[in-house]
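The residues making up each chain are set out below.
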Amino acid sequence: MFLKNKFFSPYMIILLSFVGVIILGGFLLSFPISVNYGKSVKLIDGFFIATSAVCVTGLSSIDIASIYNPFGQLIILILIQLGGLGVITFTSVIIILISKKIGYYTKKVVQEDINIDTTFKIEEYVTKVIFAVILIEFIGAIILFFEFIKKFSFLKAVYYSFFHSISAFCNAGFALFSDNLYGFKNSFIINITIPVLIFLGGIGFSTILNCYNVFRKKEKRLTTTTKLSIKISIF
């Protein structure tokens, strides 16, 4: 599925996929269709936001809350999810859904993208990663909803809940408020849920799945990587 020759190594494929998504996102975020009426975004700012979203840094050269309309914010959210999950991993899921099978070379690319040391049953692994991500972000959104519903309409509360849950889990740092989350400094729900989502996203998919498998007794013990990831993150 992925182009294969001596130049396009798995590392090059991963790099090019991120660059491609950033370029596309940068243009979309610079178009008038993405911004509120009377606002405009320079191309350089569009690329900055796209790069920040895909690389999940949280840096912004403009106020995304006041400048971007729901379409523009959705583009940012998609870029965050692709960056946090991995463009190649997401593409591999599409391949699995379409063909039910991915080739060896594609497996090698995915292996490098999600940093695992084997291609054995990689389709099953990628599927579990996607399920874990969706489940955690969904639970996070439900919890955040109980705070946002106090200030916003039902649909807006749902939208804000999912955006900030995904942003937190992907460690992106983006928020739909001009003061980020400062306005919720006294909210117990926000100040517990957001850090937990950041922590879970930070320790990585392999760690989460390893903990789940040990809990379900599918694996005997936590791996060294899992132990180090959790201990260092807590420290």
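Residues numbered from 1 in each chain as written. Predicted model: local features only at pLDDT ≥ 70, side-chain atom pairs only at ≥ 80, totals over all residues. Heavy atoms only, no water.

Q: Help me understand the overall build of the chain, please; the structure alone is not making it clear to me.
A: Check the secondary structure of the chain and you find eleven helices and zero strands. Across the chain, helices and strands are ordered from the amino to the carboxyl terminus as α-α-α-α-α-α-α-α-α-α-α. Put simply, the chain has 235 residues, and 46% of those count as buried. Residue pairs at least 24 apart in sequence account for 61% of intrachain contacts in the chain once pairs closer than 6 positions are excluded. For the chain, the computed accessible surface area is about 13400 Å², with 70% contributed by carbon and sulfur atoms. (Helix = DSSP H or I, 4+ residues; strand = E, 2+ residues; numbered from the N terminus. Buried < 20%, exposed > 50% of the residue type's maximum accessible area, 1.4 Å probe, protein only. Contact = heavy atoms within 4.5 Å. Areas by Shrake-Rupley, 256 points an atom, 1.4 Å probe, with all protein chains shown as cover.)

Q: What is the right way to read a nonpolar patch on the surface from this model?
A: On the surface, a nonpolar cluster with roughly 690 Å² of combined accessible area is contributed by Leu-15, Val-19, Ile-23, Phe-27, Phe-31, Ile-33, Leu-43 and Phe-71. When residues of the nonpolar patch are assigned to their parent elements, the largest contribution, four residues, is made by helix H1 (residues 10–28). Among the secondary structure elements, Phe-31 is positioned in the loop between H1 and helix H2 (43–54). (Patch = residues over 30% accessible without salt bridge, like charges linked within 9 Å, V, L, I, M, F, W, Y side chains within 5 Å. Salt bridge = Lys/Arg side-chain N within 4 Å of Asp/Glu carboxyl O.)

Q: Looking at this structure, I do not really get the pattern of salt bridges. What am I missing?
A: Working definition: two side chains of opposite charge can pair if their charged atoms are close together. Summed over all chains, the structure comprises one salt bridge. Salt-bridge contacts for Lys-150 lead to Glu-147; the nearest nitrogen and oxygen are separated by 3.5 Å. Its relative accessible area of 60% is what places Lys-150 among the exposed residues. Judged by relative accessible area, which is 8%, Glu-147 ranks as buried.

Q: Even after reading the chapter, I still don't get the environment of Asn-36, so can you show me in this structure?
A: With respect to the helices, strands and loops of the structure, Asn-36 is situated in the loop between H1 and H2. For the pair Asn-36 and Ala-65, spaced 29 residues apart in sequence, the C-alpha separation works out to 10.0 Å. When residues no more than four places from it in sequence are discounted, the contact partners of Asn-36 are Ser-66, Ile-67, Tyr-68 and Asn-69.

Q: Any chance you could explain the packing of aromatic side chains here in plain terms?
A: Aromatic ring pairs are reported here in terms of the distance separating the ring centres and the angle at which the planes meet. In this structure the tally under the stated criterion is 14 aromatic pairs. Geometrically, the ring pair formed by Phe-138 and Phe-162 is tilted, given 6.0 Å between the ring centres and 45° between the ring planes. In this pair, Phe-138 sits in helix H7 (residues 122–148) while Phe-162 sits in helix H8 (residues 154–169), placing the two residues 24 residues apart along the sequence. Residue classification places Phe-138 among the partly exposed residues on the basis of a relative accessible area of 42%. For Phe-162, a relative accessible area of 32% gives the class partly exposed. Note on Phe-145 and Phe-146: the rings are 6.2 Å apart at their centroids and 75° apart in plane angle, and the pair reads as edge-to-face. One residue, Lys-151, lies across the ring of Phe-184, its end atom 4.4 Å from the ring centre. (Phe/Tyr/Trp six-rings, centres within 6.5 Å; stacked < 30°, edge-to-face > 60°. Lys NZ or Arg CZ within 6 Å of the ring centre and 35° of its normal.)

Q: What exactly am I supposed to notice about the nonpolar core here?
A: Ranked by size, the top nonpolar core spans 50 residues in total, and within it Leu-29, Tyr-68, Ile-76, Leu-79, Ile-80 and Phe-148 carry the most contacts. Broken down by secondary-structure element, the contributors of at least two residues to this core are H1, H2, helix H3 (64–67), helix H4 (70–85), H7, H8, helix H9 (188–203) and helix H10 (205–215). It is H7 that provides the largest number of residues to this core, a total of ten residues. (Core = buried A, V, L, I, M, F, W, Y, C linked by side-chain atoms within 4.5 Å.)

Q: I keep staring at the packing of H8 against H9 and nothing clicks. Help me out?
A: Packed helices, taken two at a time, are described by the angle between their axes plus the distance between the axes. With their axes 7 Å apart at the nearest point, H8 and H9 run at an angle of 45° to one another. Accordingly, the angle class assigned to the pair H8 and H9 is oblique. On H9, the residues that touch His-164, Ser-165, Ala-168 and Phe-169 of H8 are Ile-194, Leu-197, Ile-198, Leu-200 and Gly-201. Grouping the constituent residues of the contact of H8 with H9 by class yields six nonpolar, three polar and no charged. (Axes fitted to C-alpha atoms, helices over the stretch in contact; angles between N-to-C directions. Parallel < 35°, antiparallel > 145°, perpendicular 65-115°, else oblique. Nonpolar A, V, L, I, M, F, W, Y, C, P; charged D, E, K, R; others polar.)

Q: Even after reading the chapter, I still don't get the packing of H10 against helix H11 (residues 224–234), so can you show me in this structure?
A: Taken N-terminus to C-terminus, the directions of H10 and H11 make an angle of 110°; their axes are 9 Å apart at the nearest point. If you check the angle between H10 and H11, you find them roughly perpendicular. Judged by the sense of rotation from one axis to the other, the crossing of H10 with H11 is left-handed. Of H11, the residues touching H10 (which contributes Ser-206, Thr-207, Asn-210 and Cys-211) are Thr-225, Thr-226, Ser-229 and Ile-230. Partitioning the contact of H10 with H11 into residue classes produces two nonpolar, six polar and no charged. (Left-handed = near helix turned anticlockwise from the far one by under 90°.)

Q: Any chance you could explain the side chain of Ser-187 here in plain terms?
A: For Ser-187, the location among the structural elements is in the loop between H8 and H9. Here Ser-187 falls in the buried class, since its relative accessible area comes to 7%. Of the polar contacts made by the side chain of Ser-187, one reaches the backbone nitrogen of Ile-190; its length is 3.2 Å. (Polar contact = N/O pair within 3.5 Å; in protein donor to acceptor, adjacent residues only side chain to side chain.)

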